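Residue-level structural notes
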Amino acid sequence: MTVFPIEKFKELKTPFYYYDMKLLEDTLSLVKKESARYDFHVHYAIKANANDRILDKIRVKGFGVDCVSGYEIQKALDVGFSPDGIVFAGVGKADWEIELGLKNDISCFNVESLPELEIINELAGRLGKKARVAFRINPNVHANTHHYITTGLDENKFGISMPDLEALLVQMQEMKNVQFEGMHFHIGSQITDLDNFKDLCLRVNELQEWFISKHLFPKIINVGGGFGIDYDDPDNNAMADFAPYFKVFKDFLNVKAGQEVHFELGRSIVAQPGNLISRVLYVKEGVKTKFAILDAGMTDLIRPALYQAKHKIENISADKSSQKLRYDVVGPICESSDSFGKAIDLPEMKRGDLVAIRSAGAYGEVMVSRYNLREEPEAFYSDDL
Ligand code: LLP
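Our subject in this report is the structure included herewith. Everything numeric in this text was worked out from a predicted model, so none of it was measured. (Residues numbered from 1 in each chain as written. Predicted model: local features only at pLDDT ≥ 70, side-chain atom pairs only at ≥ 80, totals over all residues. Heavy atoms only, no water.)

1. Description of the overall build of the protein chain
Formally: Helix numbering and strand numbering both begin at the N terminus, where a helix is a DSSP run of H or I of at least 4 residues and a strand a DSSP run of E of at least 2. Throughout, radius of gyration means the C-alpha value; the globule benchmark is 2.2 Å times the number of residues raised to the power 0.38. Note on contacts: a residue pair qualifies if any of its non-hydrogen atoms lie within 4.5 Å across the two residues. Here the accessible surface of atoms and residues is derived via Shrake-Rupley with a 1.4 Å probe, and residues count as covered only by protein chains that are part of the display. Within this scheme the basic residues Lys and Arg register as positive and the acidic residues Asp and Glu register as negative, but His and the chain ends are omitted. The location of each charge is read from NZ of Lys, CZ of Arg, CG of Asp or CD of Glu.
Counting its regular elements, the protein chain contains eleven helices and 16 strands. For 385 residues, the compact-globule estimate of 2.2 N^0.38 gives 21 Å, and the protein chain sits close to it at 22 Å. The C-alpha extent of the protein chain, read off along each of the three principal axes, is 70 × 40 × 40 Å. Across the protein chain, the fraction of contacts at a sequence separation of at least 24, relative to all contacts at a separation of at least 6, is 73%. Total accessible area on the protein chain stands at roughly 16900 Å², and carbon and sulfur atoms take up 50% of it. Looking at charge distribution, the protein chain has the averaged site of its 46 positive side-chain charges lying 2 Å from that of its 57 negative ones.

2. Details of the packing of aromatic side chains
Using the following cut-off: Only the six-membered ring of Trp is used, alongside the rings of Phe and Tyr, when aromatic pairs are assigned; centres must lie within 6.5 Å, and planes under 30 degrees apart are stacked while those over 60 apart are edge-to-face, with the rest tilted. Any residue under 20% of the maximum accessible area for its type is buried, any over 50% is exposed, and the rest in between are partly exposed; the area is computed with a 1.4 Å probe on protein chains only. The criterion is that NZ of a Lys, or CZ of an Arg, lies within 6 Å of the ring centre and within 35 degrees of the ring normal, and then a charge sits over that ring.
Inspection of the entire model under this criterion finds 27 aromatic pairs. Between the aromatic rings of Tyr38 and Phe40, the centroid separation amounts to 5.3 Å while the plane-to-plane angle is 45°, which identifies the pairing as tilted. In this structure Tyr38 comes out as partly exposed when scored by relative accessible area, which is 21%. Under the relative-accessibility criterion, Phe40 is labelled buried at 10%. Here Phe197 and Tyr245 contribute two aromatic rings whose centre-to-centre distance is 5.2 Å and whose plane-to-plane angle is 85°, an arrangement assigned as edge-to-face. Taken together, the residues span a long stretch of sequence, with Phe197 in helix H8 (residues 194–213) and Tyr245 in helix H9 (residues 242–252) at a distance of 48 residues. Neither residue differs from the other here; Phe197 and Tyr245 are each classed as buried. An aromatic cluster is defined as three or more aromatic residues linked by ring pairs; in this entry it consists of Tyr38, Phe40, Phe197, Phe227, Phe242, Tyr245, Phe246, Phe249 and Phe263. Over the face of the ring belonging to Phe63 we find Lys32, whose NZ or CZ atom lies 4.6 Å from the ring centre.

3. Notes on helix H3 (residues 52–60)
Operational definition: Taken from the helix axis, the directions to the C-beta atoms give the arc we talk about. N or O atoms within 3.5 Å of each other form a polar contact, as long as, within protein, one can give a hydrogen and the other can take it, and as long as residues adjacent in sequence are counted only when both atoms are side-chain atoms.
Taken together, the buried positions of H3 are Ile54, Leu55 and Ile58. The buried residues of H3 occupy one face: seen down the axis, they fall within an arc of 95°. The inward-facing, buried residues of H3 contact strand S1 (16–19), helix H2 (21–36), strand S2 (41–45), helix H4 (70–78) and helix H10 (267–270). Capping of H3 at its N-terminal end is provided by Asn51; its side-chain oxygen lies 3.0 Å from the backbone amide nitrogen of Arg53. Within two residues after H3, Gly62 carries a phi angle of roughly 90°, on the positive side.

4. Observations concerning the pattern of salt bridges
Rules: Here a salt bridge means any side-chain nitrogen of Lys or Arg lying within 4 Å of a carboxyl oxygen belonging to Asp or Glu.
Inspection of every chain in the model, using the stated rule, returns 27 salt bridges. Here Asp56 and Arg59 are joined by a salt bridge, their closest N and O atoms 2.7 Å apart. Placement of the pair is Asp56 and Arg59 together in helix H3, with a separation of three residues, close to one helical turn. Residue Arg59 is classed as partly exposed on the basis of its relative accessible area of 29%. We note a salt bridge from Lys219 to Glu181, for which the minimum N-O separation is 3.2 Å. Taken as a pair, Lys219 in the loop between H8 and strand S8 (220–222) and Glu181 in strand S7 (residues 178–184) lie far apart in primary sequence, 38 residues in all.

5. Focus: the site of the ligand
Cut-off, in case you're wondering: Distances are taken per atom, and a residue is near a molecule or strand as soon as one of its heavy atoms is within 4 Å of it. The nonpolar class holds Ala, Val, Leu, Ile, Met, Phe, Trp, Tyr, Cys and Pro. Asp, Glu, Lys and Arg form the charged class, and all remaining residues, Gly among them, are polar.
The immediate surroundings of the ligand are formed by 18 residues, with Ser189, Glu264, Arg303, Tyr307 and Tyr363 found nearest. Here Glu264 contributes a side-chain N or O atom positioned 2.7 Å from a nitrogen atom of the ligand. Within the side chain of Tyr307, a nitrogen or oxygen atom sits 2.7 Å from a nitrogen atom of the ligand. When the ligand is considered free in solution it has 590 Å² of accessible area, and contact with the protein chains removes 92% of it. Breaking the shell around the ligand down by element, the ones donating at least two residues are strand S9 (260–265) and helix H11 (303–307). When grouped by side-chain class, the residues that make up the shell around the ligand number six nonpolar, six polar and six charged.

6. Re the side chain of Ser35
Within the fold, Ser35 resides in helix H2. By relative accessible area, Ser35 is classed as buried at 3%. Apart from residues no more than four positions distant in its own chain, Ser35 is found in contact with Phe40, Val42 and Phe246.

7. Observations regarding empty space enclosed by the protein
Unfilled space is identified by rolling a water-sized probe across the atoms. Note the following rule: Only protein atoms enter the 1 Å grid used here. Points where a 1.4 Å probe fits but cannot escape make up a cavity, open sets with protein on both sides within 12 Å along at least five of seven lines make up a pocket, and a residue lines them when an atom lies within 4 Å of a point. Grid points are joined across faces, edges and corners, and a volume is the space filled by probe spheres set on the points.
A full pass over the atoms with the stated rule returns one cavity of 30 Å³ or more. Volume-wise, the largest cavity comes out at about 30 Å³. Taken together, Thr27, Ile229, Ala238, Met239, Ala240, Ser268, Ile269, Gln272 and Pro273 make up the lining of the largest cavity. When grouped by side-chain class, the residues that make up the lining of the largest cavity number six nonpolar, three polar and no charged.

8. Details of H9
Turning to H9, its buried residues are Phe242, Tyr245, Phe246, Val248 and Phe249. Projected onto a plane normal to the axis of H9, the buried residues spread over an arc of 140° and lie on a single side. Those residues of H9 that are buried are in contact with H2, S2, H8, S9 and H10.

9. A short note on the environment of Glu112
Here Glu112 shows up in the loop between strand S5 (108–111) and helix H6 (114–127). A distance of 3.1 Å separates the side chain of Glu112 from the backbone nitrogen of Gly90, its partner in a polar contact.

10. Observations concerning the packing of H4 against helix H5 (residues 95–103)
Quick reminder of the rule: Angles shown run from 0 to 180 degrees and are taken between the N-to-C directions of axes, each axis being a line fitted to C-alpha atoms and, for helices, limited to the stretch in contact. Here roughly perpendicular refers to angles of 65 to 115 degrees, roughly parallel to angles under 35, roughly antiparallel to angles over 145, and oblique to all remaining angles. In a left-handed crossing the near helix is turned counterclockwise from the far helix by less than a right angle, and in a right-handed crossing that turn is clockwise.
Where H4 contacts H5, the two axes come as close as 9 Å, and the packing angle between them is 30°. Relative to H5, H4 is oriented roughly parallel. As for how H4 packs across H5, the hand of that crossing is left-handed. In this structure, H4 uses Gly70, Tyr71, Ile73 and Gln74 to contact H5, whose residues at the interface are Trp96, Glu97, Leu100 and Gly101. Here the contact of H4 with H5 is built from residues that sort into four nonpolar, three polar and one charged.

Structural data, given as structure tokens:
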């Protein structure tokens, strides 16, 4: 359970991110232990949080990295990840990004379309390289999550559709500079019902038989990320339940001799260790509700505004036993969507109180914007304070 060093916080300029490094360490150890049980490989999805201190811990634990831009590849290289642990996905890889991956001999390009495969083949030829590729296939499997973070349905832009896959295999016969490595999937994010992953496994089993019938052996089965966390109760569920998660893949994926199973976990690794710490600026009586106006806004954490996400909000200055009042907790940005939660019962909020917005380590700091010309929030770490 994250304990906030409130006296230290009082000296700091808000808003800022605060990372519980012990919780991150424990989470990484658990992921390692539960994945190693079945010899599964985990690539950390760097898009969730690309903070140097966080990346350093992840690298030291021996994880690979899943990137979706050349900038992310460069970052992973700069902080010392080995290129042979880097995979590269994304529907719109620019030429320079492909070249960067090729020049650094990254382990795999997760290809999302035929035109992309053609360009990778051409650029690899020019550089005298052979690109290792896996096909990101759109499996048309439901994720039962917010529609903005669903990726594996026919209507989503991601992955190769089944009709295209057939054509792609035919064309690949002519390509000299690509080497088929396997299959890649990612059905969505913040998935808490393990049945969705079971459905994915069953679909992957069918697809790999299809590949084998075409005389192609998928050496790598990359099932993506997407495992969800408990946003309601970050203290009692500070770490996601990784044991049953990995076990679903062990139980339902038909892994053949010589195959490797890869994962790309982001949120479930870094969400709970991160918190956005803010101060109450004003409490304003509205006609229907009281507004607690914070100095943090959607520019610091966009998830509530963009996905109607609910992060637990805590008044960490208040005595927990004090009587609760009902507030709409909002930020200072000139947008009505700049709200962290409506009708939240909290101990009385007073100007200057410190507020923690919990579970903000994934897709928090990395999605900060400078709208209204605000400053980017700083980050502080439990092992420094
Ligand atoms: N692999 C691929 C190809 C992905 O697109 C993603 C996330 C992941 C792995 C990692 O998924 P995770 O384990 O973190 O669920 N900004 C949104 C989430 C966007 C997820 C994008 N792709 C949010 O704040 O909920």
